[in-house]
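For reference, the chains in residue letters:
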Amino acid sequence: MKKINVKSYEELSRIAAGFVSDLILAKPDATLGLATGSTPVGLYNQLIAMVQKRDIRFSQVKTFNLDEYVGLNRSHPQSYFRFMQEHLFEKVDIPFYQIHIPNGEAIDLQEECQRYERLIEENGPIDLQILGLGVNGHIGFNEPGTSFNSRTHVVSLAPSTREANARFFSSIEDVPDQAITMGIDTIMRSRHIVLLAYGDRKQEAIRRLFDGDVDEDFPASILKKHPNVTVLYG
Ligand SMILES: N[C@@H]1[C@@H](O)[C@H](O)[C@@H](COP(=O)(O)O)O[C@@H]1O
């Protein structure tokens, strides 16, 4: 695991954007794994600026998002679909059909998980997976206790995760209690994983990631077993 301690959020975003742009320049039809949350927003802004300057293009890039809430319509302001449109996809030259996000409104959620996993396999492996870090060590929405062998599945969100995400909703009751997420094994199949963690809220989780054991109680710890992980933290 390569650790890069950054001095600012701006630096974290710039270095992460460098990984993405280097990949797209070398492989214009790269498959990217993307994350939501506040942490990757700076990275997405950097990528938008690069596209506007015509330094990179997304015209052949394929994207797979980590997760989506169950039961929120795509147009809901807090759906991850909406989030990605606003923070990246509407502002870069990516064709709509090259964007993939689990459908949290599918009638048969199990079938949706299988469909999503199959799509990743067909288009994969993911060349570069961006990850945020939950305060409880979750990656995607894989909460503590999730099997390291898991593939795309439906999860019940931990109370701490619903509390952490309540700031985006009018009240905690409005935060969905389920989500679809890529599994831990799905994430581990990526060629390169870049984990982003920044700010006081994340210090304890970063410390546990670096110093703790590999343990299903702390999902991010599995990353220590991956041959090509970069942690950008500060
Ligand atoms: N499902 C997402 C995760 O993928 C993300 O990593 C986490 C941290 O978010 P933030 O970057 O806002 O701290 O939030 C959500 O729970």
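Scroll up to find the structure this text is about.
Below is a summary of the structure that appears in this document. (Residues numbered from 1 in each chain as written. Predicted model: local features only at pLDDT ≥ 70, side-chain atom pairs only at ≥ 80, totals over all residues. Heavy atoms only, no water.)

## Let's talk about a negative patch on the surface
Thought 1: A contiguous patch of negative charge, built from Asp213, Asp215, Glu216 and Asp217, is present on the exposed surface.
Thought 2: Following the sequence through the fold, Asp217 ends up in the loop between α7 (203-211) and β10 (229-233). (Patch = residues over 30% accessible without salt bridge, like charges linked within 9 Å, V, L, I, M, F, W, Y side chains within 5 Å. Areas by Shrake-Rupley, 256 points an atom, 1.4 Å probe, with all protein chains shown as cover. Salt bridge = Lys/Arg side-chain N within 4 Å of Asp/Glu carboxyl O. Lys, Arg positive; Asp, Glu negative; His and termini not counted. Charge placed at Lys NZ, Arg CZ, Asp CG, Glu CD. Helix = DSSP H or I, 4+ residues; strand = E, 2+ residues; numbered from the N terminus.)

## Quick word on the site of the ligand
Thought 1: In the neighbourhood of the ligand, 14 residues make up the surrounding shell, with Ser38, Thr39, Asp67, Arg201 and Lys202 lying closest.
Thought 2: Between the ligand and the protein, one listed contact pairs an oxygen atom with a side-chain N or O atom of Ser38 at 2.6 Å.
Thought 3: The contact in question runs from an oxygen atom of the ligand to an N or O atom on the side chain of Asn165, over 3.5 Å.
Thought 4: Isolated, the ligand exposes 390 Å² of accessible area, and the fraction of that covered by the protein chains is 96%.
Thought 5: A per-class count over the shell around the ligand returns 3 nonpolar, 7 polar and 4 charged. (Near = heavy atom within 4 Å. Polar contact = N/O pair within 3.5 Å; in protein donor to acceptor, adjacent residues only side chain to side chain. Nonpolar A, V, L, I, M, F, W, Y, C, P; charged D, E, K, R; others polar.)

## Examining unusual backbone geometry
Thought 1: At the junction of Gly124 and Pro125, the peptide bond is cis and its omega measures out at -5 degrees in the coordinates.
Thought 2: Inspection of the secondary structure assignment puts Pro125 in the loop between α4 (109-123) and β6 (128-131).
Thought 3: Positive phi values are uncommon outside glycine, yet Arg54 reaches one of about 65 degrees.
Thought 4: For Arg54, the position within the fold is in the loop between α2 (41-52) and β3 (62-65).
Thought 5: Under the relative-accessibility criterion, Arg54 is labelled exposed at 74%. (Buried < 20%, exposed > 50% of the residue type's maximum accessible area, 1.4 Å probe, protein only.)

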